[in-house]
Amino acid sequence: KAAAALQPANPPVLDTLAWVYHARTEDKEALTVYQRIPASAISTLTGEILYHWGVVAQEAGDADTARRQLQAAVGKNQDFPGIDDALSRLRGLTLR
């Protein structure tokens with residue numbers, strides 16, 4: 001929280017904070033952290049950050065955001081921890 005207070009627009013810092021909330025099953029709080037990422041920075045996010053955002057959104061019940069972020073994550077054509085899970089979650093969201 002302290003790092004996010006010092007760097008409130010830093011996507012990697014916000015991702016770390018949100019992922020901690022996710023680990024504590026506080027996904028709605030985590031989602032609000034991701035929503036603080038500046039719109040101008042979204043296109044520069046790594047596949048891993050987008051994957052985290054998608055997981056949090058899905059767990060918080062926001063299927064549209066989850067689908068959008070997971071699609072963006074796999075569309076980066078980057079290998080990142082969780083890519084297989086991202087693809088699996090995306091298939092599950094597409095089937096709904």
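These notes cover the structure that comes with them.

What counts, and at which threshold
- Residues numbered from 1 in each chain as written.
- Predicted model: local features only at pLDDT ≥ 70, side-chain atom pairs only at ≥ 80, totals over all residues.
- Heavy atoms only, no water.
- Helix = DSSP H or I, 4+ residues; strand = E, 2+ residues; numbered from the N terminus.
- Rg over C-alpha atoms; globule rule 2.2 N^0.38 Å.
- Buried < 20%, exposed > 50% of the residue type's maximum accessible area, 1.4 Å probe, protein only.
- Phe/Tyr/Trp six-rings, centres within 6.5 Å; stacked < 30°, edge-to-face > 60°.
- Axes fitted to C-alpha atoms, helices over the stretch in contact; angles between N-to-C directions.
- Left-handed = near helix turned anticlockwise from the far one by under 90°.
- Contact = heavy atoms within 4.5 Å.
- Expected span 1.5 Å × (residues − 1).
- Arc of directions from axis to C-beta.

## So, the overall build of the protein
(1) Moving on: Check the secondary structure of the protein and you find six helices and zero strands.
(2) Moving on: Relative to a compact globule of 96 residues, whose C-alpha radius of gyration would be 12 Å, the protein shows 12 Å and is just as compact.
(3) Moving on: On the principal axes, the C-alpha backbone points of the protein span a range of 40 × 25 × 20 Å.
(4) Moving on: Within the span of the protein, comprising 96 residues, buried residues form 41% of the whole.

## A word on the packing of aromatic side chains
(1) Moving on: By the definition in use, this model includes three aromatic pairs.
(2) Moving on: Relative to Tyr51, the ring of Trp19 has its centre 6.4 Å away and its plane inclined at 50 degrees; by these criteria the two rings are tilted. One end of the pair, Trp19, is in helix α2 (residues 11-23); the other, Tyr51, is in helix α4 (residues 47-59), with 32 residues separating them in the sequence.
(3) Moving on: Judged by centre distance (5.4 Å) and plane angle (10 degrees), the ring pair of Tyr34 and Trp53 falls under stacked. Of this pair, Tyr34 sits in helix α3 (residues 27-34) while Trp53 is found in helix α4, placing the two residues 19 residues apart along the sequence. You'll find Tyr34 and Trp53 in the same group, each marked buried.
(4) Moving on: An aromatic cluster is present here, built from Trp19, Tyr51 and Phe80 joined pairwise through their rings.

## Structural notes on the packing of α2 against α4
(1) Moving on: The geometry of α2 relative to α4 is characterised by a closest axis approach of 10 Å and an angle of 35 degrees between their N-to-C directions. The hand of the α2/α4 crossing is left-handed. Packed against α2, whose contacting residues are Pro11, Pro12, Asp15, Trp19 and His22, the element α4 presents Ile49, His52, Val55, Val56 and Glu59 at the interface.

## Overview of helix α5 (residues 63-75)
(1) Moving on: Taking 1.5 Å of rise per residue, the 13 residues of α5 would be expected to cover 18 Å, and the 18 Å separating its terminal C-alpha atoms lies within 8% of that figure.
(2) Moving on: Turning to α5, its buried residues are Thr65, Ala66, Gln69, Leu70, Ala73 and Val74. The arc enclosing the buried residues of α5, seen along the axis, measures out at 150 degrees, which places them on a common side. Facing away from the buried side of α5, by more than 90 degrees, are the exposed residues Asp64 and Gly75.
(3) Moving on: Of the surrounding secondary structure, the elements contacted by the buried residues of α5 are α4 and α6 (83-94).
(4) Moving on: Once α5 ends, the next one or two residues include Asn77, with phi positive near 55 degrees.

## Overview of the side chain of Gln69
(1) Moving on: Examined against the element boundaries, Gln69 turns out to sit in helix α5.
(2) Moving on: Beyond its immediate chain neighbours, meaning those up to four positions away, Gln69 contacts Leu50, Trp53 and Gly54.

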